[in-house]
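# A closer look at the structure
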Amino acid sequence: MSVQKIELCKTSDVTEGTAIKVDTHGLELAVFNLNGAFYVMDDQCSHGPGSLSEGPICGDVVECDFHNGSFNIKTGEVVDPPCMIPQKTYKVVTEGETVFIEV
Ligand code: FES
């Protein structure tokens, strides 16, 4: 199976320590910038309708502002309940000023 590279945004679109939501190719994604490194997971919380790009970020953890569950931004693993299902994460590639995922 060949790998598809999907362009998400420019590195300058995401301030360090924040996230943005990107809708593309039928995916709703949260793109995080942690100390200049980019991480991408599904934007919609695995627990319900929360949007993780809108949640507060503390270190490597994002809190869902819907029921206050949280996930590790780098791995998608659940950090705090009521979330039970890990968040799907994506392989990120940055080339110059542009952030891509590989799917
Ligand atoms: S929708 Fe995210 S914790 Fe419930």
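Attention in this report is confined to the structure presented alongside it. (Residues numbered from 1 in each chain as written. Predicted model: local features only at pLDDT ≥ 70, side-chain atom pairs only at ≥ 80, totals over all residues.)

### Considerations on the sheet that holds strand β1 (residues 5–10)
Stated precisely, the cut-off is as follows: When DSSP finds two or more bridges between a pair of strands, those strands are recorded as paired. Elements are defined by DSSP. Helices are runs of H or I of four residues or more, strands are runs of E of two residues or more, and each kind is numbered from the N terminus. To get an axis, fit a line to the C-alpha atoms, keeping to the stretch in contact for a helix; angles then go from 0 to 180 degrees between the N-to-C directions.
If you trace the six strands from one edge of the open sheet to the other, you get β1-β10-β9-β4-β3-β2, paired in antiparallel fashion. For this open sheet the edge positions go to β1 and β2 (19–24), each flanked by a neighbour on one side alone. Adjacent strand axes in the sheet meet at a mean angle of 30° when their direction is disregarded. Taken together, the six bridges between β2 and strand β3 (residues 27–34) define a ladder with antiparallel strand orientation. When the bridges of β3 are listed, Thr24 appears paired with Leu27.

### Some details on the pairing of strand β10 (residues 98–102)
Rules: Exposure classification rests on a simple neighbour count of other C-beta atoms within 10 Å of a residue's own: a residue reaching 20 or more is buried, one at 12 or fewer is exposed, and one in between is partly exposed. C-beta atoms are placed from the backbone.
Burial of β10 is one-sided: the residues Val99 and Ile101 facing one way are buried, the residues Thr98, Phe100 and Glu102 facing the other way are not. Of the strand pairs in this sheet, strand β9 (residues 89–95) and β10 are connected by five bridges, and their pairing is antiparallel. Residue pairing for β10: Val93 is matched across the bridge by Phe100. Hairpin connection from β9 to β10: two residues lie between these consecutive antiparallel strands, with Gly96 at a positive phi of about 60°.

### Considerations on the sheet that holds strand β6 (residues 61–63)
Backbone-to-backbone hydrogen bonds pair the strands of a sheet. The strands run either parallel or antiparallel. Across the sheet, which stays open at both edges, the four strands sit in the order β5-β6-β7-β8 with antiparallel pairing between neighbours. Single-partner strands in this sheet number two, and they are β5 (57–58) and β8 (78–80). For β6 and strand β7 (residues 70–72), the ladder comprises three bridges, and the chain directions are antiparallel. Residue Val62 lies in a different strand from β7, and its bridge partner there is Phe71.

### Some remarks on the pairing of β9
The pairing of strand β4 (residues 37–42) with β9 spans two bridges and is classified as antiparallel. Note that in β9 the partner of Val40 across the bridge is Tyr90.

Fair warning: the whole summary comes from geometry, so function is off the table for now.
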